Amino acid sequence: MTTKEEVTPPLMTVRQLAQQGDVTVHVVRNYLRRGLLQAASHTGSGYQLFSASELQRLHFIRTAQQLGFTLAEIEEIIRHSVLRNSPCPLVRDIIRRRLDDTRQQLDRLLAMHGRMERAIHAWAELPDSIPTGDDVCALIESVAAAEGGGFVKSTPRRLLGRRPTEENLP
């Protein structure tokens, strides 16, 4: 009868942890400074070594970030867990607030997307122009004029390739 020996996974250096966690060494060191990760031990020459549980913690941190949690919020969630308090109510509260914020950001982005599409269609009909006076770009200024921004250009535009004459100067 053979006995199964429990094999402890080897400890990892910062570089190995970063590679297995698909992050940079700088990210691991940042998490170490913040207390999100902890070395299991150190080598005689001072290298930090990490267990598989720190790789699992690293994956947790990255997943939480992908859900929109900040590092400060993740620190708080981990603190609850370490104290053996359920972080779930906190997580739900944060994600509800973040969901509302994200919805507002999405609405702003969709509105900007619509303005961009309208602008590109309108700009297809406009000629390129050379700025005169205080104007900068006729295309952008046309959007302000169309949206009633009060920034309507008061001087005529000179078209590219035309030389200024008495007739086309303001």
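Along each chain, numbering runs from 1 in the same order as the chain's sequence is written. With pLDDT at 70 or above as the cut-off, local features in this predicted model cover only qualifying residues; side-chain atom pairs require 80 or more to be listed or tallied, and sums for whole chains, interfaces and linings still use all residues. Side-chain measures here rest on the full set of heavy atoms in the structure, leaving out hydrogens and waters.

Where an unreviewed UniProt entry is consulted, the protein chain appears under the name MerR family DNA-binding protein, with the organism given as Novilysobacter selenitireducens.

Undergrad: Lay out the pattern of salt bridges in plain terms, naming residues and giving numbers.
TA: Salt bridge, as applied in this entry: a Lys or Arg side-chain nitrogen positioned within 4 Å of an Asp or Glu carboxyl oxygen. Under the defined criterion, the tally for this structure stands at four salt bridges. Between Glu75 and Arg34 there is a salt bridge, with the nearest N and O atoms lying 2.5 Å from each other. Here Glu75 is found in helix α4 (residues 71-82), whereas its partner Arg34 is found in helix α2 (residues 25-34), with 41 residues between them in sequence. The buried label goes to any residue with under 20% of its type's maximum accessible area, the exposed label to any with over 50%, and the partly exposed label to all in between, with areas taken from a 1.4 Å probe on protein chains only. Judged by relative accessible area, Arg34 falls into the partly exposed class, the value being 36%. With its nearest N and O atoms 3.1 Å apart, the salt bridge here joins Arg97 to Asp93. Within this pair, Arg97 and its partner Asp93 are both found in helix α5 (residues 88-123), separated by four residues, close to a single helical turn. On the basis of relative accessibility, which here comes to 37%, the residue Asp93 falls in the partly exposed class. Where helices and strands are cited, they refer to DSSP runs of H or I of at least four residues and of E of at least two residues respectively, numbered from the N terminus.

Undergrad: Mind laying out the packing of helix α1 (residues 14-21) against α2, listing which residues take part and the relevant values?
TA: Note on definitions: angles span 0 to 180 degrees between N-to-C directions of axes, and those axes are lines fitted to C-alpha atoms, for helices only across the stretch in contact. Packing of α1 against α2 leaves a shortest axis separation of 8 Å and a crossing angle of 110°. Taken together, the axes of α1 and α2 are roughly perpendicular relative to one another. Residues Val14, Arg15, Leu17 and Ala18 of α1 lie in contact with α2, whose contacting residues are Val25, Val28, Arg29 and Leu32. Split by residue class, the contact of α1 with α2 holds six nonpolar, no polar and two charged. By definition in this entry, angles of less than 35 degrees are roughly parallel, angles greater than 145 are roughly antiparallel, angles of 65 to 115 are roughly perpendicular, and the rest are oblique. Here a residue-residue contact requires only that any non-hydrogen atoms of the pair lie within 4.5 Å. In this classification, the charged set is Asp, Glu, Lys and Arg, the nonpolar set is Ala, Val, Leu, Ile, Met, Phe, Trp, Tyr, Cys and Pro, and all remaining amino acids, among them Gly, are polar.

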